[in-house]
Amino acid sequence: MKQGAFTTGKWAGWPALCFVAIATALAFGGLIGFNRNEFDWSYFSDPYFLAILRFTLLQATLSALVSVALAWPAALALSYLKDSLHKRVFLSLCVLCFVMPTLIVITGIISLLGRSGSLSPLLGEDWNLYGLSGILIAHVYLNLPFAVRTLYLRLQSIPDASWRLARQLKLTRMQRFLQLEWAATHSSTWLLLGFIFVICFNSFAVVLALGGGPKATTLEVAIYQALKYDFNISEALALAWVQLLIAGSAFLLVSFCGKVSWLSPASAPTQLRPTATRPEALAYRALYGCCWLFLLAPLLALIPRVIDGAADMTFWSSLSRPLLVTLGLGAISTALSISLAYSALRPYRRARLQGSSTALWLDWLTSHSLAVPAMVLSVGLFVLLLPHLDLDHWGMWLVALINGLITVPFAASQLKPALLNFDSQYHRLAQSLKLTSWRRRRIEWSYMAPAIRTAAAFVAMLAMGDVAIYSIFGSQDFVTLPWLIYGYASTYRLTEASLASMVFLGVCGLLIFYLEKQSPRHA
């Protein structure tokens, strides 16, 4: 039997859903409408364009393969370690490293492996961080923790009954791997390869800072250079369309195949997991230690330069404004994103309660912007608004607005499970008690408070770390902390870049601590 609508108002939530959809439609209008009669199709056969496309695909493919290949043994080693404080901290560090603003990682890698880096003398005179090698290192650092945590959670989901049966059948180590561990994780492995490929295909800040020249340029960086340096809008639009078609198609294909769960709290390891042999245990501990070292090394590399420059009071005073701009940008974008996601989910919830088949489409519409890279959306809106708006004056508001729009799917993914749980538990009860709309909302908000706080922390980190949208609409009057770090790192002012990165890392660390504290483990 179909159920009545829980949320009041037939059209509640539709304005937010339409706002998100119209923003994407306007961006497409900008991509289609400009100069359509003079579109130069010969650009797609230009050797420079083909070289950019080839390098973009190459670095994304290699980054995905290396990240997942290294994550597999690391996740396996982690699954055989007993639950402990350092293991829980490691899993939190994985979250931090994946969502950490990219420029912090880049500064750490340059401090470690750059021209005057701590480890550079050990790598020989021919070593050069800038180019494909630096891009791969940064991409693996950013995506390896995501893959490790995803595969570890899948390994932890193997039921006790399977381990018990494996023990009774006296399966060998290889048989356990094939029948249990690979069977539990192979679908996630292919999904991870796809997701990391899409992430790296859309990479901007890493390639901008570590690309090192035209030979190591991706589509996103080429779009930025065409728009901001050459003001060649036709070229920027051509590149944006290619970026959209490849990245959007790849994302839709991967999303159609399944979802990756990586933010769930880790469950306690099963007691039935077989004890590793001594050589295996030693190998797992060594691998675990290497993972710690790999994740901490770029962050620890910042410390000496931070100590050297900590007494420079002039620098600290110059840092206050970018920090306030970044926090303000994060707060506005987060408030907008959470409000839009919460409201846009109302039609989906209503359709789901009514058993309507439109629920799937409404869910897709809420998250559709995931298929549109931030750079493509920005370029479309930039081209559309350029003749009508003073972008130098309104640029920062547009940065906040687009960041809010881009992060709606991430906020919705955090809010949706809690909202659906609330509907399944309290919908009939609220109807039977005939609660007023105001009382139902008060109860719902109280129930949703932890999920909202988690979503806000996650979205704030994404918005504050943005570089791509800021590069199109940003203003030198309102420099953000990531853009300031990029400016320092690109001019080899590593002491200033390290100080700014450490401050930014502290802000992100507080948000991660808060996010982990809101997880069910701490509830």
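Keep in mind that this is a model prediction, so the values were computed, not measured. (Residues numbered from 1 in each chain as written. Predicted model: local features only at pLDDT ≥ 70, side-chain atom pairs only at ≥ 80, totals over all residues. Heavy atoms only, no water.)

Draft legend 1. Summary view of the confidence of the model for the protein. In this model, the protein carries an average pLDDT of 84, and 93% of its residues clear a pLDDT of 70 or more. Ignoring residues within four places in sequence, the model shows residues 1-7, a span with pLDDT below 50, making 24 contacts including any to other chains. (pLDDT = per-residue confidence, 0-100. Contact = heavy atoms within 4.5 Å.)

Draft legend 2. Representation of the packing of aromatic side chains in the model. Counted under the stated rule, the structure contains 20 aromatic pairs. Their ring planes at 65° and their centres at 6.0 Å tell us that Phe28 and Trp241 sit as a pair that is edge-to-face. Residue Phe28 is found in helix H1 (residues 14-33), and its partner Trp241 is found in helix H10 (residues 233-257); the two are separated by 213 residues along the sequence. On the basis of relative accessible area, Trp241 is assigned to the partly exposed category, the value being 22%. Here Phe410 and Phe458 contribute two aromatic rings whose centre-to-centre distance is 6.2 Å and whose plane-to-plane angle is 80°, an arrangement assigned as edge-to-face. Taken together, the residues span a long stretch of sequence, with Phe410 in helix H17 (residues 408-433) and Phe458 in helix H18 (residues 437-464) at a distance of 48 residues. A relative accessible area of 7% means that Phe458 is categorised as buried. (Phe/Tyr/Trp six-rings, centres within 6.5 Å; stacked < 30°, edge-to-face > 60°. Helix = DSSP H or I, 4+ residues; strand = E, 2+ residues; numbered from the N terminus. Buried < 20%, exposed > 50% of the residue type's maximum accessible area, 1.4 Å probe, protein only.)

Draft legend 3. Spotlight on the pattern of salt bridges. The final tally for this structure, using the stated rule, is seven salt bridges. In this structure, Arg349 and Asp423 form a salt bridge, with 2.8 Å as the shortest nitrogen-oxygen distance. Placement of the pair is Arg349 in helix H13 (residues 313-353) and Asp423 in helix H17, with a sequence separation of 74 residues. On the basis of relative accessible area, Arg349 is assigned to the buried category, the value being 2%. (Salt bridge = Lys/Arg side-chain N within 4 Å of Asp/Glu carboxyl O.)

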